[in-house]
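Observations on the model geometry
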Amino acid sequence: MNQGRKRKGRSDRMHLIYQLDVGGKKYIGMTFLRKQSVPKTMRARIIQHWYNANKLQYKWGLSKAIRDLDSIEDIGYTILARVRGKDACHKQERALIVKKKPVLNTDTRVAKRG
């Protein structure tokens, strides 16, 4: 029944804005909600951060802080918001970064936009 037409992608996917606690320092980020399970979503996202820090050797503040940890279980998280839609989530994430000023967020463009 498809007749060769591609289906339009969803634009209203649910996203999470989260705060990571890495060695007492904070990081604010966002991710899309996988399979409607917040713990599984956050576990997958923390594993991605761990991989970026230890295997890909990213030089970001978050990656450097993660490399100082003994175990991936030392990374704590808090869900700050659930937002429908990527653009709305980006906007709210930027506002939270400007408001909370987390130490491990290294994106300097935030201050110029805020």
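Figured I'd write up the structure that's included with this text. Everything quoted here is computed from the prediction, not taken from an experiment. (Residues numbered from 1 in each chain as written. Predicted model: local features only at pLDDT ≥ 70, side-chain atom pairs only at ≥ 80, totals over all residues. Heavy atoms only, no water.)

Reading across from one edge, β2-β1-β3 is the order of the three strands in this open sheet, with antiparallel pairing throughout. Two strands in the sheet have a free side with no partner beyond their single neighbour: β2 (25-32) and β3 (76-84). Sheet twist, expressed as the mean angle between neighbouring strand axes with direction ignored, is 20 degrees. Here strand β1 (residues 14-22) pairs with β2 via eight bridges, running antiparallel. (Pairing = 2+ DSSP bridges. Helix = DSSP H or I, 4+ residues; strand = E, 2+ residues; numbered from the N terminus. Axes fitted to C-alpha atoms, helices over the stretch in contact; angles between N-to-C directions.)

Another point: the pattern of salt bridges. With the rule as written, the count across this model stands at two salt bridges. Its salt-bridge partner being D21, residue K26 comes within 3.4 Å of it at the nearest N-O pair. Accessibility expressed as a relative area gives 32% for K26, which makes it partly exposed. Between R43 and E73 there is a salt bridge whose closest N-O contact spans 3.7 Å. Of the two residues, R43 is situated in helix α1 (residues 38-54) and E73 in the loop between α2 (61-67) and β3; the sequence distance between them amounts to 30 residues. Among the residues examined, R43 registers a relative accessible area of 43% and is labelled partly exposed. What makes E73 exposed here is its relative accessible area of 56%. (Salt bridge = Lys/Arg side-chain N within 4 Å of Asp/Glu carboxyl O. Buried < 20%, exposed > 50% of the residue type's maximum accessible area, 1.4 Å probe, protein only.)

Moving on to the environment of K25. For K25, the location among the structural elements is in strand β2. Taking relative accessible area as the criterion, K25 reaches 42% and is therefore assigned partly exposed. Taking C-alpha positions, K25 is 6.2 Å from V103, a pair spaced 78 residues apart along the chain. Not counting chain neighbours up to four residues away, the residues in contact with K25 comprise L20, V103 and L104. (Contact = heavy atoms within 4.5 Å.)

Now for the environment of I75. Here I75 lies in the loop between α2 and β3. Taking the relative accessible area as the measure of exposure, I75 reaches 8% and is therefore buried. Once the C-alpha coordinates of I75 and D21 are considered, the two residues, 54 residues apart in sequence, prove to be 5.8 Å apart. With residues near it in sequence (within four places) discarded, I75 still touches L20, D21, V22, I46, W50, I66 and L69.

Right, let's get into unusual backbone geometry. Despite not being glycine, Q57 has its phi angle at roughly 55 degrees, a positive value. Within the element layout of this structure, Q57 appears in the loop between α1 and α2. Despite not being glycine, K101 shows a phi value in the positive range, around 50 degrees. Here K101 is to be found in the loop between α3 (86-100) and α4 (109-113).

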